[in-house]
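Chains, contacts and geometry: an overview
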Amino acid sequence: NLSNRVFIIGSTNYVNGGTVIDRQTEDSPVIWLDTAAGVELRNLTLRNGSEGLVIDGSQACLFSGIRSEDNLVNGISLDRSTDIEFQRCVSRNNGTTNGLGLLTRQSSFLWDKGVIWGNAIAVQLQGSGGTNEFRNSILQATGPGCAIYSAAIDASLEVIVGDYNNLIHDDDANVATQ
């Protein structure tokens, strides 16, 4: 029953560091949800994993106040997941040279009032999926070969919805590439 969520809630005391889950080894994701339903994570910082948060084959999950930072490859990866919502989340400084802030494969999600900053590619779209919606968010890319949106050849681009976002690109970065 999706009305009975499973909650994992961290501290909101960011002045003293908040709740940090530090993988330290970078050989696996910090948190991996596999076929989860109705999970809600709040107020967590995920760092130093291969990826900060992996959501695979999951549905109806909510992430609020999640910071995924300084991970080896990707900040957040979505694969075959539906009805995923991110509220006030941050994905920053992931990957050493070509990290992704948010990788989505055959998934549908809402990214609301969040920030994706300091990654080579802010959002990478792969395969067809449901609606990918960004609202009231900041998406950034800096430098040659970098982009805010990057779509694989098989990506379905008609499912991107944007409303009141700030897209920041400088130093020869692209808004979108394929």
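What counts, and where the lines are drawn
- Residues numbered from 1 in each chain as written.
- Predicted model: local features only at pLDDT ≥ 70, side-chain atom pairs only at ≥ 80, totals over all residues.
- Heavy atoms only, no water.
- Helix = DSSP H or I, 4+ residues; strand = E, 2+ residues; numbered from the N terminus.
- Buried < 20%, exposed > 50% of the residue type's maximum accessible area, 1.4 Å probe, protein only.
- Polar contact = N/O pair within 3.5 Å; in protein donor to acceptor, adjacent residues only side chain to side chain.
- Contact = heavy atoms within 4.5 Å.
- Pairing = 2+ DSSP bridges.
- Axes fitted to C-alpha atoms, helices over the stretch in contact; angles between N-to-C directions.
- 1 Å grid on protein atoms, 1.4 Å probe; cavity = no way out; pocket = protein on both sides within 12 Å on 5 of 7 lines; lining within 4 Å.
- Points joined across faces, edges and corners; volume = space filled by probe spheres on them.
- Nonpolar A, V, L, I, M, F, W, Y, C, P; charged D, E, K, R; others polar.
- Core = buried A, V, L, I, M, F, W, Y, C linked by side-chain atoms within 4.5 Å.
- Phe/Tyr/Trp six-rings, centres within 6.5 Å; stacked < 30°, edge-to-face > 60°.

On to the side chain of serine 68. Relative to the assigned elements, serine 68 resides in strand 8 (residues 67-69). Looking at serine 68, the relative accessible area reads 0%, which means it is buried. A polar atom in the side chain of serine 68 sits 3.1 Å from the side chain of asparagine 71. Setting aside chain neighbours within four positions, we find serine 68 in contact with Leu46, Gly52, Leu53, Gly75, Ile76, Val90, Ser91, Arg92 and Asn94.

The pairing of strands in a sheet comes from backbone hydrogen bonds and takes either a parallel or an antiparallel form. With parallel pairing, seven strands are arranged side by side in an open sheet as 3-6-9-12-15-18-21. Single-partner strands in this sheet number two, and they are strand 3 (31-34) and strand 21 (174-177). Across the sheet, the axes of successive neighbouring strands diverge by a mean angle of 5 degrees, strand direction being ignored. Sheet topology places strand 15 (residues 121-126) next to strand 18 (residues 147-151); four bridges connect them, and they run parallel. Of the residues in strand 18, the one forming a bridge with glutamine 124 is serine 150.

Applying the stated criterion across every chain, the model contains one cavity of 30 Å³ or more. Looking at the largest cavity, its volume works out to about 60 Å³. Along the walls of the largest cavity sit twelve residues, with Leu125, Gln126, Gly127, Gly129 and Asn132 positioned nearest its centre. Its residues assigned to classes, the lining of the largest cavity comprises two nonpolar, nine polar and one charged.

Spatially, 1-4-7-10-13-16-19 is the arrangement adopted by the seven strands of the open sheet, whose pairing is parallel. Strands with a single pairing partner mark the edges of an open sheet, and in this sheet they are strand 1 (6-9) and strand 19 (160-163). The average angle at which neighbouring strand axes cross in this sheet is 10 degrees, direction not considered. Inspection of the sheet shows strand 16 (residues 132-135) paired to strand 19 by four bridges, in the parallel sense. Looking at the pairing, glutamate 133 lines up with valine 161 of strand 19.

If you look at the biggest cluster of nonpolar residues, it comprises 35 residues, and the most contacted ones within it are Leu53, Phe63, Phe86, Trp111 and Phe134. Not counting the four nearest positions on each side in its chain, phenylalanine 63 is found in contact with Leu33, Leu41, Leu53, Ile55, Ile84, Glu85, Phe86, Gln87 and Cys89.

Below, the discussion takes up the packing of aromatic side chains. Within the structure shown, the criterion is met by five aromatic pairs. Taking the centre distance of 6.4 Å and the plane angle of 75 degrees together, the rings of phenylalanine 86 and phenylalanine 109 count as edge-to-face. Placement of phenylalanine 86 in strand 10 (residues 84-87) and of phenylalanine 109 in strand 13 (residues 109-112) is noted, with a sequence separation of 23 residues between them. A centroid spacing of 5.4 Å and a plane angle of 85 degrees characterise the contact between phenylalanine 109 and phenylalanine 134, whose relative ring orientation is edge-to-face.

A word on the side chain of glutamine 140. With respect to the element layout, glutamine 140 can be found in strand 17 (residues 138-142). Among the polar contacts listed, one links the side chain of glutamine 140 to the backbone nitrogen of glycine 118, at a separation of 2.8 Å. What glutamine 140 contacts, discounting residues up to four positions off in sequence, is Ile116, Trp117, Gly118, Asn119, Ala122, Ile148 and Ile168.

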